[in-house]
Every structure is written in structure tokens, then in C-alpha cells.
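Next come the chains, spelled out residue by residue.
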Amino acid sequence: MLLDLSEEHKEHLAFLPQVDSTVVAEFGRIAVEFLRRGSNPKIYEGAARKLSVSSDTVQHGVEGLTYLLTESSKLMISELDFQDSVFVLGFSEELNKLLLQLYLDNRKEIRTILSELAPDLPSYHSLEWRLDVQLASRSLRQQIKPSVTIKLHLNQNGDHSTKVLQTDPATLLHLVQQLEQALEEMKTNHCRRVVRNIK
Amino acid sequence: RPGPGGARPLLVAGQLIDFQWKLGVAISADSCKSLKLPCVTVALKVADGSGNITCKTFEMTVPQFQNFYSQFKEMASVLETF
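Residues numbered from 1 in each chain as written. Chains lettered and ligands numbered in written order. Predicted model: local features only at pLDDT ≥ 70, side-chain atom pairs only at ≥ 80, totals over all residues. Heavy atoms only, no water.

Enquirer: Can you walk me through the overall build of chain B in this structure?
Expert: What chain B contains, in helices and strands, is one helix and three strands. Starting at the N terminus, the α and β elements of chain B follow one another as β-β-β-α. Across chain B, the fraction of contacts at a sequence separation of at least 24, relative to all contacts at a separation of at least 6, is 26%. Accessible surface, chain B: about 6500 Å² in total, of which carbon and sulfur atoms supply 61%. (Helix = DSSP H or I, 4+ residues; strand = E, 2+ residues; numbered from the N terminus. Contact = heavy atoms within 4.5 Å. Areas by Shrake-Rupley, 256 points an atom, 1.4 Å probe, with all protein chains shown as cover.)

Here is the structure:
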């Protein structure tokens, strides 16, 4: 599968052959760092001064390179397809090789970062529990009623939330049995077959 | 009763529908295996201006509950002077 680069994208990338290959390698490093931690516009200004170009040119160059790397990583295109996609830019063989190396070196990490962008259901973070005995309520005195209070800590898209639940020991036992049953399902032939076929 | 400027006062605060409580003792927890902590749980049902009912539950230790109780005792004594 070949990448379809827009005219604007090609224009932005056209800055790369105008600088040294060490600069392109540095842009590659900056691009991946920005994917990890977010962009920092001050870097563009420093580089622009050193290269005697506008900071917009530097920004477009880095962003163009970032997009090239993320699109290639996202689609998991082969080495050959990457080389063919970049070939249309008319760069030198040395630059093409450098870009391919940047792709292969960073693909795995970029894919890990991209996987975190999928929409998220709240997921389990941790759990606190407490065993109580209820002795009285507004409606009934002289009780001895055991109950379990659970504080469920959840994560969703980086946000933390909590949910407090209360149940009696018999229901808790049932809950544990249901969860154990769900785990057991993973070991059935059917599940094993499906997982094997996906791999 | 109209407020200043003739505007009708909005019902900002909700209306208390139900007040339930229970008293229990916490015996054990994941962070502390041996407890003997009396605890009051209160569940309030409140209706907002548009009739939506929300339930707010909270817990209090005995000292917290004593503070809670003293607020109501104070409110009751002030009401008696009306």
C-alpha cells in the first residue's frame, strides 16, 4: 500500500533536501519526541535561527516528517512501499535511506503511542474494600447485617473516577464465581481457536 | 414574593424528598485488617427545580456525626425563637 501525499505535504517535505542529513536526523528525533510528549514551539525558533529560515518553514518540515512517520506506522506499510511512496518526492538516495531508517527505527514506538488514541471505556485501576456490620437503620433497629463496601478506582482517557458499591457477602461470592467463570472461558477450545487464528 | 427589580426569585436550592440513615461498624478493610470503627451512613434524596431526583450518600465517623448533629440542634433552637 502506497502513501498518498498531498501537495501541501510534499511542499512541507521539500525543505528536507535543503538541509544537512544530520539536521534531518535531528528533525526525526524532535518529531518522535513531540509524539511522546507534545510539541514545543520554542524548538522551532531555535532551529530556524541556526538554519537562517523562518520558524514556519522548520515547523512545516518537522510536522511533515511527523505525519509521514505516523501515517506509515499507522498503516504498517512495508519497507518497499515506504521507499516507493517517498520516491515520488524526488529526494537523493541518501535522504531516502535516512527516511526509511527513521521509519523502521521508530515504527514500533509510534504504533504504541497511536494505540493509546483509541476511544476508551473506563478501565480498572484499583480497588479498596471494607467489611461492615450494620446494626441499625432508620427503619429497623437491633440488626446484625454483614455487608461489603467496595470503592472501585477507574481510569478513562487519563481521568480518574471512583465508584462506591455495597453488597452482602453472598452476592460477593456470586460475583467472584462469575468472574472466575469468565476467566475459565479463555481456556475453552473455542476461545483458543479464535485467538490462534487472529495471531 | 417579587425580589428587587420585580423579578421572581428562582428556586435555586433543591427540595429534600427523603432522609435515610444507617449505623454500622467497620470490622476489616484491605488497608487495615482489624478495625472497630462505628460509622453513620446518610442517604439524601433531593429533587431539583425540574423534578429530577438525585441521591447523595455520605458516611461519617462518630466525631463527624456529632458535629453534624450539633448543627441541627442549633438550627432547631434558633427556629424555636421564631
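Enquirer: Would you mind showing me how to read the interface of chain A and chain B here?
Expert: Reports often express the size of an interface as the amount of accessible area lost when the parts come together. Listed as interface residues are 14 residues of chain A and, on the opposing side, 16 residues of chain B. Overall, the association of chain A and chain B removes approximately 1400 Å² of surface from exposure, summing both partners, and the carbon and sulfur fraction of that is 51%. If you sort the residues of chain A by the area they bury against chain B, Trp129(A), Arg130(A) and Arg138(A) come out on top, with a joint share of 43%. One can count two salt bridges joining chain A with chain B. With its nearest N and O atoms 2.7 Å apart, the salt bridge here joins Arg130(A) to Glu59(B). Taken together, chain A and chain B are joined by 11 residue pairs in polar contact (both at pLDDT 80 or more). Looking at the side of chain A that touches chain B element by element, the count peaks at 11 residues for strand β1 (residues 123-137) of chain A. (Buried area = accessible area lost by both parts, 1.4 Å probe. Salt bridge = Lys/Arg side-chain N within 4 Å of Asp/Glu carboxyl O. Polar contact = N/O pair within 3.5 Å; in protein donor to acceptor, adjacent residues only side chain to side chain.)

Enquirer: I'm lost on the pairing of β1(A) in this one. Help?
Expert: Along a regular strand, successive side chains alternate from one face of the sheet to the other. The sheet contact formed by β1(A) and strand β2 (residues 145-156) of chain A spans 11 bridges and is antiparallel. Along β2(A), the bridge assignment pairs Asp132(A) with Ser147(A). Pairing between β1(A) and strand β1 (residues 15-29) of chain B: seven bridges, direction antiparallel. When the bridges of β1(B) are listed, Leu131(A) appears paired with Ser28(B). (Pairing = 2+ DSSP bridges.)

Enquirer: So what exactly am I meant to see when it comes to helix α7 (residues 169-185) of chain A here?
Expert: Spacing of three or four residues puts side chains on the same side of an α-helix, whose turn is 3.6 residues. Under the 1.5 Å per step criterion, the end-to-end length of α7(A) is 25 Å for 17 residues, consistent within 8% with the ideal 24 Å. Between a side-chain oxygen at the N-terminus of α7(A) and the backbone nitrogen of Ala170(A) the separation is 3.1 Å; the capping residue is Asp168(A). (Expected span 1.5 Å × (residues − 1).)

Enquirer: Looking at this structure, I do not really get the environment of Lys42(A). What am I missing?
Expert: Residue position: Lys42(A) is located in helix α3 (residues 41-51). When its relative accessible area of 63% is taken as the criterion, Lys42(A) is described as exposed. (Buried < 20%, exposed > 50% of the residue type's maximum accessible area, 1.4 Å probe, protein only.)

Enquirer: Looking at this model, I keep getting lost on the nonpolar core. Mind explaining?
Expert: In a soluble, globular protein the nonpolar side chains are often hidden away together inside. Counting residues in each nonpolar core, the largest one holds 31 residues, and the members touching the most others are Leu16(A), Phe27(A), Val58(A), Leu65(A), Phe82(A) and Leu99(A). Look past the residues within four positions of Leu65(A) in its chain and what remains in contact with it is Leu13(A), Leu16(A), Val24(A), Phe27(A), Gly28(A), Leu99(A) and Leu102(A). (Core = buried A, V, L, I, M, F, W, Y, C linked by side-chain atoms within 4.5 Å.)

Enquirer: So what exactly am I meant to see when it comes to empty space enclosed by the protein here?
Expert: Remark: the empty space left among the atoms is shown by a probe the size of a water molecule rolled over them. Counting across every chain of the model gives one cavity of 30 Å³ or more. In this model, the largest cavity occupies a volume close to 100 Å³. Lining the largest cavity we find 14 residues, and of these Asp132(A), Gln166(A), Lys22(B), Gly24(B) and Thr41(B) sit closest to its centre. Element by element, the count of residues in the lining of the largest cavity is highest for β1(B), at five residues. (1 Å grid on protein atoms, 1.4 Å probe; cavity = no way out; pocket = protein on both sides within 12 Å on 5 of 7 lines; lining within 4 Å. Points joined across faces, edges and corners; volume = space filled by probe spheres on them.)

Enquirer: Just to check I follow, could you spell out the layout of surface pockets for this structure?
Expert: Of the volumes computed, that of the largest pocket is approximately 470 Å³. Those elements that place two or more of their residues in the lining of the largest pocket are β1, β2 and β3 (159-167) of chain A together with β3 (53-61) of chain B. Counted by class, the lining of the largest pocket contains six nonpolar, five polar and five charged residues. Taken as a whole, the second largest pocket spans an internal volume of roughly 250 Å³. Together, 13 residues line the second largest pocket, and Leu127(A), Ile150(A), Leu172(A), Leu175(A) and Leu179(A) are the ones closest to its centre. (Nonpolar A, V, L, I, M, F, W, Y, C, P; charged D, E, K, R; others polar.)

Enquirer: I tried to follow unusual backbone geometry on my own but got confused; where do I start?
Expert: Glycine aside, the phi torsion of most residues is negative, and most peptide linkages are trans. Residue and element names in this part refer to chain A. In this structure, Met76 takes a positive phi of about 55 degrees despite not being glycine. Within the secondary structure, Met76 is located in the loop between α4 (55-75) and α5 (79-87). Accessibility expressed as a relative area gives 43% for Met76, which makes it partly exposed.

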